[in-house]
Structures are given as C-alpha cells and as structure tokens.
Amino acid sequence: MSIIDLKGLLVPLGALKQIAKEPHTIKYPDQTKEISERYRGFHYNDLDLCIGCGNCSTICMNEAIDMVEVEDIEGKPGDSGLRPRIDYGRCCYCALCVDVCPSGSLSMTADFIKVSEDAFDFLMIPGKDNPGGKDKITFDASTDTSLNLFERVPMRELPPEERVQSFAEVFLGYTEEEARIEASRCITCGLCTENCPVHMHIPEYINAISRGDDEEAIRIIYDNNDLPEMCGKVCTRRCEDVCALQVRGEAVAIRWLKRYATERAENADMIRRIVNPEIREPNGIKVGIIGAGPAGLTAGYYLALKGYDITIYEAKSEPGGMIMYGIPKYRLPYDSIQKQVDYMKSIGVKIHFNTKVGKDISFDEIYNKHDAVFMGVGLQKGYTLGIEGEDAEGVWAAVDFLGLVNEGKRPDMGKRVVVVGGGDVSMDSSRVSRRLGAEVVQLYRRRIVDMPADDEEIEGALEEGVQIIEKAIPTRVIKDEKGRVKGMEYVRAELVPPEGGGRPRPVPIKGSETVIECDSIIAAIGQKADFGLLPEKVQNSLTFERGKIKVDDERRTGYPKLWAGGDAVKYGRVDAISAIADGFYAAESIDAYFMQVKA
Amino acid sequence: MIMKTTSERNKQTTLFIGPQHPGITGNMMVKLLVEGDTVVRAETHIGYLHRAFEKLIEQRNWLQSFTLLCRFCVPEPDPMELTYARAVEAIEGREVPPRAKYIRTIVAELARIQSFLLWYGGQAGSAGLYTLGQWTVGDRNYILDLFEDLTGARIYHMYIWPGGVRRDLPKGWADKTRRVLDYLEKRLDDYNRLLFDNAVFQKRAQGVGIIPKDKALEWGVTGPPLKGTGIGNDVRKDEPYCAYGELDFDIPVYEGGDVWARALVRRDEIKQSIRIIRQALDKMPGGSYYNRIPNPMKWRLPAGEAWVKTESVRGEIGFYVVSDGTEKPRRVHLRGAAYTHGISVLEKILPGQNIADVSFILNSLGACPPEMER
Ligand SMILES: Cc1cc2nc3c(=O)[nH]c(=O)nc-3n(C[C@H](O)[C@H](O)[C@H](O)COP(=O)(O)OP(=O)(O)OC[C@H]3O[C@@H](n4cnc5c(N)ncnc54)[C@H](O)[C@@H]3O)c2cc1C
C-alpha cells in the first residue's frame, strides 16, 4: 500500500468528529419546524370576503378545486353563494388559485400536516373546515402581487370647459386597443350576468372582444338586448356593481365594452348584416304594443323575430321614450337611437307615431285589432314639489324641460337655475341647464354621498360647475309681481337616524331658512305614470301598487292577453335595462302563450 | 448481425438494472449484455414514467403550463421554469426588469448547488460511501429553507415566471443566504475529505467511464461531463442570460473525461455558484421584480416560436416553444442534457466497463429519466 493510499484511507475517518454534532433533523412532535412567512401549505378562505367567483377553480389545472354549496352561505348579488373545496389529493400547492383570487379571500397557511385514514377528509372547504387557518396565513396575494388587473383602462372624455359649450357626446369611446386591453381583464366568472335584469351574456361577449372578434361580440349582445348601443352608453350597469374585480379594484368597464362593440356596426344595415338573425316565418298573430320606449321596442323586436306581426303605437313623433326625450344628447346622441330603431324596423317592426292611445285611438280598438297587447307607457309626468308658489312661471318638471331640450328647443332659463333632487334626472337637468348657459345650484335633502345618482354623473356635474347644496329642503317659491320665479327658499336639514333603524331622515332645522335668487326652478324628484288610456273595466281588473301595475314573473297583467313592462310596472328598477328585460321576457311569455293556444 | 457460436453466447448473460434498483437515477432501466463482469452492450430503456408533459401543456394556458413544467425533473425544477419563462418572453418581446434578472440568477445558482449536493449523495452512494450523502442532503436543506422563504415551497417553487419572478426578496433573505453560503463553503472541505481524498473513490472514479475528448462535442455532451473532457463550453458564458454577463465567474475544466474529472468539475462549480450568488446579492438592483403579464386566462402570445437554452445543472437544456397566437402554447418541447447523456452517451461508454460501475457511471452523467420522456 502506497503512502497516498494510506492517506486516502485515514482522511475519511475525520468524519467521526461529526458524531458529536447536533443533527439537522428535528424531533417531531417535540420540536416543530419553523415555517417561513411565505409558506404554501393548506388553504384558508375568508368565507365572508369570498364571492364565489370560481376563478381559483378555473385556473387550477389539477381540477383540485370544486365550487360547492356551504351551509349558512346564501347567494346574493355579487356572490354566487358557492365556496371552493379543495381536494388535497390533487392540489400541487402552486398557489395560482391564490394569485388569481380577485377578492383576496383565498390564501395559504403554515399548516401542512394532516393524517387520516378517510380519503374524504382530504376534501376540505378552506375557512369552514379550518377556521383556525385565519391566524396562520403565510401566502397571500396583495393587489400588487395578484395576477388580476385591478385598474381599468380610462375612458377618454371631453374636458369640462368644452362640454358645457354644446351637447356633444362627453365620453369618446374606447379605441380598439383600449377595448382589447380592458376586455382582457375580465375573469369570466359571470357574477355580472346574474345581476343583469336581462342576463346578458357578458363574459361571452367580452371574451369575443378580447379575442378581437367584434362581430361575434355584436351577435352575442343582440341575443337578448335590442338596444345595446344605448345601454353601452347610458346603462345603469348593475353588472359592474358586482364585478369580481370591483371588490379590490375597478370593475371591468362592461358598459364601455358593449359600447365599443356595438359602435363597430355603424348603421342599421351593418347591424342587420352582422347579427343576421334568424327570423321565423310569419305566423299571422298580431300583437299591438303601446309605447315605443325600451320596453315596447324590445317586446316588438323579439316578437317580430319569432314571426309575429308587430305594430307599435307611440304618442310622440320619435321612438325611444325616455331614452329619446329624457336622456340628454350629450350622453346618448339622436343618431344612435335612430340607428337601432331602423334596424328593428328592417326586421318588420311597424311603428305608428303621433298616435296617443286613449286620445287618437282607443285602447279597445287596439285590443280588438290584435291578438295580444303589450303596454310599456313609462312614467311621463313629473311629481310636483308640493310647496307654496309652485305655480309660478319658470317652474319646470324635469321631464318636461328635458323633453323640450331633446326636441331641439332651447328654452330661456335665465341666468340662474335651481334644480331640486338627487337622482339621475336631477343631474341631467343640472348639466343640461349648464349647457344652456345658466348658473346652476342643486338642492338635495341628504348628503352628496347619499345621492341615488350615478357617481359618474355627480362627478360630471361638479366638474361642469354645478353647485350642490347638501341637506337642503325647498320650502317656498318666491315670485315677482308678474308671477315669475324670483327665488327659492329652503331650509337646512340635519340627518336623524330613525328609531327603528334604517336610512337617516332629513329633519328641517328651524330658523335656517335661506333664499337663493333664481330665474328658473326644475323639480326632479320623480315621475309617475298616466293610466288614463285604460278604460275603467281594464283598470278594475288590474292591480296597482304605488301607482304602478303589478305583473307576474312573465309580465302578465291581471287582464287577459295584456302584458306590461317598463317603468310603468312594479317589477324591476326604473331604468332602461329593466324595461328591456320586461320587453324581452314578455315576448317569451306571449310566444309561449300562443304556442300553447296552437297546440 | 454477427452470428455467435453457441459457446460464445452461453458465456453472455442479459442483466437488467432498473427500473427498480437503488443505483438507477430514476424510473429507467439499463439492459446489459455482460460477459463475466464486463459489459458487452448496453441499452437504455425508458417508458416507465411517461407523463406526456409536452402534450398536456398544449391544453394549458401560458401560465398554467409552468406549474407542470417545473416537474420535468425533480432535482432541478428551476432551470425549467427559467428557460420556459425566457422562451415565452422571447416570443412576446416582454422585458424583464433588472432586479428580476438578478433574482433569477441567484435562484438558478442555488438550484445548481442543491442539485450538486444531491448528486454527491448519489455518486458517493453508488460507490458504497453512504456518509457523504447524509451530510450533503442534510446541508441541502439549508438551501431548501432559503427557497421556502423566497417562494413558499421547498422543491417545486413555481417562482420564476414570464415577466420576472413571482414575489420580491423577503426581508433579511439576502443576509440569511450569505450565512448559508459561508457555511457551505466551509463544508466543501469536509466533503473533500470524504470523497476526493478517499482512496475508494479515487480508485473507483479515475479512468472509469471515459468520454473521449474528440467525441464529446460530436455526441452532444454538455455540462459537467463536457467540462470533464477539457472543453469549457457553458451557456452562461457563451450566450449570457439573466445577470451572468455582468458577473465574474470561471468555468471549471478538467481533463480526462472520466468520472473523476466530472466529479471535480461539479465540486468546483459549487464554489463558482457561491461566488456568483454573492456578487448578485451585492449588486442587486432596485426597482420592480415583475413586469406584469395580462390576465392569465386571456393572455395570448403573438404567433411565433422561440428556442431558448440555459446552462442547467446537468448541462444544456433548451425549450422550443411555438405560439399560434392563442391562449395556449401550440407546442412546448424540452431538450435536456439527460436525453443525450442517459441514452446515447451511456450506451457508448458502458461497453468494456465493469457491471459494478454502471450505476456509478450513470450517476456521473446526470441522467434524469423524466427529462428523457417528456
Ligand atoms: C332624464 C332621464 C334620464 C334617464 N337616464 C337613464 C340612464 O342613464 N340609464 C338608464 O338605464 N335609464 C335612464 N332613465 C330611465 C329610462 O329612460 C327609462 O327607465 C326607460 O326609458 C323606461 O322605458 P319604458 O319603455 O318603460 O318607458 P318610456 O321610455 O317612458 O317609454 C314609454 C313610451 O310610451 C309612450 N306612451 C306613453 N303613453 C302613451 C299612450 N297613451 N299612447 C301611446 N304612447 C304612449 C311614451 O311617449 C314613450 O315613448 C332616464 C330617465 C329619464 C327621465
């Protein structure tokens, strides 16, 4: 044996000195491993924060996550009521589910040991089965680390100074690139669809837009909305209220995306070519429709597609109802409505304008001439303030004022206008008054944050120089000797929470009376329906609730073969998309009715 | 085929090493024709763990793919993530922030060290020296701890992804890493005493499993086996990626082409990796660690393709990625060093070797079956 070999045999013996060393291993369970702050162990889900969107389940390629019903958790708008259940036989702890969770409810914990002989024990509903996980969260996704894109592509708009110069459209619409980026933010959970009165196929058309297939998007959109360009501009967008991204960021701009897609169809012919709807053979059944507002138009369009012979009777000279006469043109231009109605006409919808039912033609005549009638007469009369001096010249109901302006007239409002109210109609009145050159002061009973109007409208009004006085209740209209408006007296209010709980009520503060000088006053405190067109025997067989007709789920009234929808019925909210939903479901119901009669 | 006389044939036996065999480096099998103790012919048989990764990835979107990709090879998931991410970035033209490049470099080198520590165990173990493996696998845990702190997981990190890395360095991580490196550096001497100074290992490794220098490139040898033949090719130097272009390090090269030379290369590579990580920690740029990708469910890459290679632990690995403009890859193909080393090179160098050296040689080549069957 050579020297080198001897060394080679002896040196390794040095290993013996390691015998005295502390081992690397730990003595479980006496000692536990120190878990790092980012450890990806079992999940924890904050069940209250979770909205059941299912994005975790969608990204999981191991199909380890199912969305299941959980005791004591009910679905509600913006929450499917389902919660993730994880199969730890499949989970690979990649934590993509955590990184795509829009609400931030899902996280992972320091726990990783579970021993059980029952395979089903490894199906766990995080949060429910491990409530203690809350205090052991190690891996979570902040808005910075999340894979969700929480920021919306901003919409370009005219600067306020320019806006008040004319009735030009304020919002300019997305460019193609902007639309593609915005559409790509959608996580396709469908919570929006649930909250849309007509359940538009939102994730599907957004997908189409993000793929670059705008025509497909248009086809999907027209499946259950015949006035989508209008909705794309002015919808109350309850879909966005419940968007999964809105929990921690900005909702997908669903409305603007719909606007983008529908505006690609530049005229009625293009809509017809793209949508290319299947129109059933005429079936000879005649349906009369009263009112060419969104409700009436929608019922007419979808019935026409089903082969019905449709005639709409409209009191005014233009179609659209409040979307034509109420909504100002800077939000919804005339041509946009015309284009959509022209398309409906091309499908076969006939409209008789300047035909007020109950005056130019009787309800009975329509009822007898048609096999069924749908009524969508809306709310045409404004509520009055109910205060002294209201009969003065220069006091307007908002709908009358806006109607006149929308017809192209420019009433002289004087130097200063006082608008009363806090809803969208009041915002429209204020902003239109600004465009007519008046200074505007708006009075509202509660605070700005309590206003039912869309935040975007409030912001727009403030930017355009509308002054809003909060907690102000009008008490008297002051007239001059000629009976013209000279000023408005109001009292300040304080908000008092009612005893039984609920929304604080404004209570006038004595002695706080103030007078503002003004030349016009616009009352924008709500509208009511006029059912004078209905003969007594019809009225008697209908049920009314708070001045509106009660209808069932299918929008049937209590009167045979009479359906109703829109603002004039007590069903959804008072907005265009609810009216569209009413028209849509009434059309389905009418069709089902005649299918049954035929069978 | 050469006809053999009956007597000749009777002298030869067929022997199977694997798929169940402690000396095999995973689920594969080497079919040997032996005469006495000597290997006459060797054939690598795979097919014991085919998981159709490449095909499965076609059904996943660009991000989902990466949770599968890292599983190509257990001892080194990170180079897989890194190479795939770089391929995706190449197709998309996505920039990676400098900080992410440095973090990636550190992760790739930590991955190299931990993989070599595992290799120590296998190489020594297949020579019947079991103590060293216990030490190195124990020490490897310190690196896994670092990974746990950084990524939340010990083995499958799923940390390097397109656009950068998934999370920023945690507080105190750099210091902890420095401490681990100092410790490991000292430990290398202990390892030396058990392996390189050991007569058993010297006798077993020297002159065994020789890859001829003049054939090495022709056979497609890369990584430590190539550097052990005296050829110092290394993607990190030849086509620098991440932060390698900005850091100082050497490529260890040894002559001989045998198991011994390959082992020395690996030993020295650990030192170089420590050197690289220290520099990267010192020079760590500020700023963002991540150039955010779009919503992964709707993320479409432009149509195109990329071939990107990386110096992994076992040698050169490359990803060929094809995008047809949709949310999912049209094709993801992995070409790893193990494919060459474990099949064609092994089959060429085994004849003439002793049966007892088969596992030993296999370990020195770094053959990882999942990388052969994708
Ligand atoms: C100023 C203003 C702004 C608004 N802004 C928005 C908004 O931004 N977003 C939104 O979603 N909604 C908005 N709305 C509400 C929306 O316009 C209505 O909810 C919607 O138009 C209701 O549709 P409808 O078909 O029920 O009724 P209407 O639109 O009111 O249509 C009823 C139609 O019936 C006709 N009619 C009534 N009586 C008779 C009769 N006897 N004979 C013949 N025809 C008759 C009317 O002339 C009218 O054309 C706004 C409303 C107003 C007033």
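Here is what the cut-offs are and how they apply
Residues numbered from 1 in each chain as written. Chains lettered and ligands numbered in written order. Predicted model: local features only at pLDDT ≥ 70, side-chain atom pairs only at ≥ 80, totals over all residues. Heavy atoms only, no water. Helix = DSSP H or I, 4+ residues; strand = E, 2+ residues; numbered from the N terminus. Rg over C-alpha atoms; globule rule 2.2 N^0.38 Å. Buried < 20%, exposed > 50% of the residue type's maximum accessible area, 1.4 Å probe, protein only. Near = heavy atom within 4 Å. Polar contact = N/O pair within 3.5 Å; in protein donor to acceptor, adjacent residues only side chain to side chain. Areas by Shrake-Rupley, 256 points an atom, 1.4 Å probe, with all protein chains shown as cover. Nonpolar A, V, L, I, M, F, W, Y, C, P; charged D, E, K, R; others polar. Contact = heavy atoms within 4.5 Å. Buried area = accessible area lost by both parts, 1.4 Å probe. Salt bridge = Lys/Arg side-chain N within 4 Å of Asp/Glu carboxyl O. Pairing = 2+ DSSP bridges. Axes fitted to C-alpha atoms, helices over the stretch in contact; angles between N-to-C directions. Domains from an automatic or database assignment. Disulfide = S-S within 2.5 Å. Core = buried A, V, L, I, M, F, W, Y, C linked by side-chain atoms within 4.5 Å. Left-handed = near helix turned anticlockwise from the far one by under 90°. Patch = residues over 30% accessible without salt bridge, like charges linked within 9 Å, V, L, I, M, F, W, Y side chains within 5 Å. Lys, Arg positive; Asp, Glu negative; His and termini not counted. Charge placed at Lys NZ, Arg CZ, Asp CG, Glu CD.

Undergrad: Is there a simple way to explain the overall build of chain B in this structure?
TA: Looking only at helices and strands, chain B features 15 helices and eight strands. For chain B, the C-alpha radius of gyration of 21 Å lies close to 21 Å, the compact-globule estimate for 374 residues. With the C-alpha coordinates aligned to their principal axes, the bounding extent of chain B is approximately 70 × 50 × 35 Å. Counting all 374 residues of chain B, 63% fall into the buried class.

Undergrad: How do you make sense of the site of the ligand when you look at a structure like this?
TA: All names here are of chain A. The immediate surroundings of the ligand are formed by 37 residues, with Val234, Glu314, Met322, Arg331 and Asp567 found nearest. Note that an oxygen atom of the ligand is positioned 3.2 Å from one of the backbone N or O atoms of Pro294. Backbone polar atom of Gly321 to an oxygen atom of the ligand: 3.5 Å apart, as the coordinates give it. Notes on the ligand: free accessible area 980 Å², of which the protein chains cover 96%. Within the residue set of the shell around the ligand, elements represented by two or more residues are helix H13 (294-305), helix H14 (322-325), helix H17 (398-406), helix H18 (424-435) and helix H21 (576-598). Across the shell around the ligand, the residue classes break down as 19 nonpolar, eleven polar and seven charged.

Undergrad: I'm lost on the interface of chain B and chain A in this one. Help?
TA: It is common to give the size of an interface as the accessible area lost on bringing the parts into contact. Between chain B and chain A, the residue contacts involve 47 residues of the former and 50 residues of the latter. Summed over both partners, the interface of chain B with chain A buries about 3700 Å², with 51% contributed by carbon and sulfur atoms. The tally of links from chain B across to chain A stands at four salt bridges. Ionic pairing is found between B:Glu148 and A:Lys33, a salt bridge with its closest N-O pair at 2.7 Å. On inspection of chain B and its partner chain A, the count reaches 28 residue pairs in polar contact (both at pLDDT 80 or more). Looking at the side of chain B that touches chain A, the elements with two or more residues in it are helix H3 (66-69), helix H6 (131-151), helix H7 (173-194) and helix H8 (199-205) of chain B. With nine residues, H6(B) is the largest single contributor of residues to the side of chain B that touches chain A.

Undergrad: For this particular structure, what's the right way to read the side chain of A:Asn45?
TA: All names here are of chain A. Within the element layout of this structure, Asn45 appears in strand E1 (residues 43-45). With a relative accessible area of 0%, Asn45 lands in the buried category. Within the local environment of Asn45, its side chain forms a polar contact with the side chain of Ser105, the two groups lying 2.8 Å apart. Excluding its chain neighbours within four sequence positions, the residues that come into contact with Asn45 are Cys50, Arg83, Pro84, Ser105, Leu106, Pro126 and Gly127.

Undergrad: It is not clear to me how the sheet that holds strand E13 (residues 416-420) of chain A should be interpreted in this structure. Could you clarify?
TA: In a beta sheet, neighbouring strands are held together by backbone hydrogen bonds and run either parallel or antiparallel to one another. Residues and elements named next belong to chain A. Within the open sheet, the five strands sit side by side as E12-E20-E13-E14-E15. Their pairing is parallel. Two strands close off the open sheet at either side, each with one partner strand: strand E12 (395-397) and strand E15 (467-469). Looking at each pair of strands side by side, their axes are set apart by 20° on average, direction ignored. Seen against the sheet, H17 touches E12 and strand E20 (520-523) and runs at an angle of roughly 85° to E12.

Undergrad: Just checking my understanding: could you explain the domain arrangement of chain B for this structure?
TA: Residues and elements named next belong to chain B. When the domains of chain B are assigned, the result is domain 1 (3-45) and domain 2 (53-373). The straight-line distance from the C-alpha centre of domain 1 to that of domain 2 is 30 Å. Each partner contributes to the interface: domain 1 provides 21 residues, whereas domain 2 provides 18 residues. Between domain 1 and domain 2, the buried area comes to about 1400 Å², and carbon and sulfur atoms account for 65% of it. The three residues of domain 1 that bury the most area against domain 2 are Thr25, Val39 and Thr44, which together make up 35% of that side's buried surface. Along the contact surface separating domain 1 from domain 2 lie zero salt bridges.

Undergrad: Please clarify how the state of the cysteines should be interpreted in this entry.
TA: Note on terminology: disulfide describes a covalent bond linking the sulfur atoms of two cysteines. For the structure shown, the criterion picks out one disulfide over all chains. Sulfur-sulfur distance for the disulfide between B:Cys73 and B:Cys368 comes to 2.4 Å. Judged by the sign of its S-S torsion, about 110°, the cystine formed by B:Cys73 and B:Cys368 is right-handed. Of this pair, B:Cys73 sits in the loop between H3 and helix H4 (77-92) while B:Cys368 is found in the loop between helix H14 (358-365) and helix H15 (369-372), placing the two residues 295 residues apart along the sequence. For the pair shown, B:Cys73 and B:Cys368 are each scored as buried. Cysteine A:Cys53 shares no disulfide, and the gap to the nearest cysteine sulfur, in A:Cys189, comes to 5.3 Å. A:Cys56 forms no disulfide, and the closest cysteine sulfur to it belongs to A:Cys53, at a distance of 6.3 Å. Overall, the relative accessible area of 8% leaves A:Cys56 in the buried class.

Undergrad: Just checking my understanding: could you explain the nonpolar core for this structure?
TA: Core analysis: the largest hydrophobic core is formed by 126 residues, its most contacted members being B:Leu32, B:Tyr84, B:Ile113, B:Tyr120, B:Phe201, B:Phe319 and B:Leu350. It is helix H5 (residues 98-125) of chain B that provides the largest number of residues to this core, a total of 13 residues. Setting aside its immediate chain neighbours within four residues, B:Phe319 contacts B:Leu69, B:Phe72, B:Met80, B:Thr83, B:Tyr84, B:Ala87, B:Ala306, B:Trp307, B:Val308, B:Val332, B:His333 and B:Leu334. With 106 residues, the next largest nonpolar core counts A:Met155, A:Ala179, A:Val198 and A:Cys239 among its residues.

Undergrad: So what exactly am I meant to see when it comes to the packing of H13(A) against H21(A) here?
TA: For any two helices packed against each other, one specifies the crossing angle of their axes together with the interaxial distance. All names here are of chain A. Contact geometry of H13 with H21 gives a least axis separation of 7 Å together with a crossing angle of 35°. Crossing handedness for the pair H13 and H21: right-handed. Contact with H13, carried on its side by Pro294, Ala295, Thr298, Ala299, Tyr302 and Leu303, involves Ala576, Ala579, Ile580, Gly583, Phe584, Ala587, Ile590 and Asp591 of H21 and no other residues of that element. Residue composition of the contact of H13 with H21, grouped by class: eleven nonpolar, two polar and one charged.

Undergrad: Even after reading the chapter, I still don't get the pattern of salt bridges, so can you show me in this structure?
TA: Two side chains that carry opposite charge are able to pair once their charged atoms sit near each other. Residues and elements named next belong to chain A. Inspection of every chain in the model, using the stated rule, returns 80 salt bridges over all chains. Where Asp428 meets Arg331, a salt bridge forms, and the shortest distance between an N and an O atom there is 2.7 Å. You can see Asp428 sitting in helix H18 and its partner Arg331 sitting in the loop between H14 and helix H15 (334-347), a full 97 residues away along the chain. Looking at Arg331, the relative accessible area reads 16%, which means it is buried. In the salt-bridge network here, residues are joined through shared partners; they are Glu157, Arg163, Arg331, Asp428, Arg431, Arg435, Glu457, Glu463 and Glu464.

Undergrad: Looking at this model, I keep getting lost on a positive patch on the surface. Mind explaining?
TA: Residue and element names in this part refer to chain A. Together, Lys316, Lys356, Lys359, Lys381 and Lys528 make up a region of like positive charge exposed at the surface. Residue position: Lys359 is located in the loop between strand E9 (350-352) and helix H16 (363-369). Residue Lys359 is classed as exposed on the basis of its relative accessible area, which comes to 66%.

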